[in-house]
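Listed below, chain by chain, are the residues.
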Amino acid sequence: MTKLHRAIPVSLKGSNELNERWLQRQLTEDPSILGFGDLTVRDVERRQPGAGRLDLLLTDPESATRYEVEIQLGATDETHIIRTIEYWDLERRRYPQYEHVAVLVAEDVTSRFLHVISLFNGFIPIVAIQLQALKVEGALTLVATRVVDHMSLATEEEDEGTVVDRAYWEKGRGSTKSLQVLDALMELIRLVEADLEPNFNKHYVGLKNNYVSRNFITFRPRKQHVIAQFRIPHTTELDETLESVGIDTMGYSQYSRRYGVRLTQQDIDTHRETLLDLIRRAHDAHPN
């Protein structure tokens, strides 16, 4: 009969050696402890403008997702929650091209703060992880339990938002140059579906056909280029194709289920057939 060994809880907050810096080092060496899969450590003690330092910034190499991780020994408190959300907000504003998830890690996520965190869920992508240290037969192990998982938020194109005109983008986040790139992309798109027109919204440019949204591709014009996002199922074959031709890719977003690329006029001239293939794939995946 297999002998069972008793797991003895170890308080990190009450330990001189197993302090927050020790825990941070363990998560840096092995981010998979948190249960998000094979993440990469982007930064440690990342300085925030006027707001202290973020404990860990993790990235998912398979998507454009970043995880802003704040660690606290002992039980959650008000400052921990506020700091986690504040750092998440600062990072998403500085790097809007990525998706961001706020991650709160504590030894004890109390019922009171579990309720507070749950209130944010659906509005802020936040995950609460209860991380406990256990000693089994003299060996120390860390056990992470996800007590709050973030609810998938609706994408911007699922909520059309404020309708604007071409001048809003040309004089705002975009430019005359990037709107010309958008025009060139529309010429390629009309080879696949002739009646499509750009649909200018406050946060993105979509597609429409007789006033009906057809957002199998969305755009975000910038000053020097256009970010185009193609709603296509993820495949390794397409990953390899995009990498081999040299298009400036932003990876695949599991959140929005789209491939993102940065495009200039030169890209359209050089990679015309590849872009036409992306357009056809997105169109065929979402014909109506």
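Residues numbered from 1 in each chain as written. Predicted model: local features only at pLDDT ≥ 70, side-chain atom pairs only at ≥ 80, totals over all residues. Heavy atoms only, no water.

1. Some thoughts on the packing of helix α2 (residues 78-94) against helix α3 (residues 111-120)
For clarity, the threshold we go by: Angular values range over 0 to 180 degrees, each being the angle between N-to-C directions of two axes fitted as lines to C-alpha atoms, with helices fitted over their stretch in contact. Labels follow the DSSP assignment, with helices taken as runs of H or I lasting at least four residues and strands as runs of E lasting at least two, numbered in each case from the N terminus. If an angle is under 35 degrees, it is roughly parallel; if it is over 145, roughly antiparallel; if it lies from 65 to 115, roughly perpendicular; otherwise it is oblique. For any pair of crossing helices, the crossing counts as left-handed if the nearer helix is rotated counterclockwise from the farther one by less than a right angle, and right-handed if it is rotated clockwise. Only heavy atoms matter for contacts: two residues are in contact if any of them lie within 4.5 Å across the pair. Here the nonpolar group is Ala, Val, Leu, Ile, Met, Phe, Trp, Tyr, Cys and Pro; Asp, Glu, Lys and Arg are the charged ones; every other residue, Gly included, is treated as polar.
Between α2 and α3, whose axes approach to 11 Å, the crossing angle comes to 20 degrees. By the angle between their axes, α2 is roughly parallel relative to α3. Crossing geometry of α2 relative to α3 is assigned as right-handed. Contact with α2, carried on its side by Glu 78, Ile 81 and Ile 85, involves Arg 112, Phe 113, Val 116, Ile 117 and Phe 120 of α3 and no other residues of that element. Here the residues of the contact of α2 with α3 are counted per class, giving six nonpolar, no polar and two charged.

2. Thoughts on unusual backbone geometry
Phi at Glu 45 is positive, roughly 50 degrees, even though this residue is not glycine. Residue position: Glu 45 is located in strand β2 (residues 40-47).

3. Observations concerning the pattern of salt bridges
Two side chains of opposite charge can pair, provided their charged atoms sit close to one another. Quick note on the threshold: Criterion for a salt bridge: a side-chain nitrogen of Lys or Arg within 4 Å of a carboxyl oxygen of Asp or Glu. For every residue, the accessible area (1.4 Å probe, protein chains only) is compared with the maximum for its type, and the residue is labelled buried under 20%, exposed over 50%, or partly exposed between those bounds.
Enumeration over the complete set of coordinates arrives at 12 salt bridges. Two residues, Asp 248 and Arg 262, come together in a salt bridge whose shortest N-O distance is 3.3 Å. Here Asp 248 is found in strand β13 (residues 248-253), whereas its partner Arg 262 is found in strand β14 (residues 258-263), with 14 residues between them in sequence. For Asp 248, a relative accessible area of 37% puts it in the partly exposed group. Arg 262 gets classed as partly exposed once you look at its relative accessible area, which sits at 21%. Salt-bridge contacts for Asp 277 lead to Arg 281; the nearest nitrogen and oxygen are separated by 2.9 Å. In this pair, Asp 277 and Arg 281 are both assigned in helix α8 (residues 272-285), four residues apart and thus about one turn of the helix distant. Residue Asp 277 is classed as partly exposed on the basis of its relative accessible area, which comes to 28%. The exposure class assigned to Arg 281 is partly exposed, which follows from its relative accessible area of 26%. Within this structure, Asp 43, Arg 46, Glu 91 and Arg 94 form a network of salt bridges that share partners.

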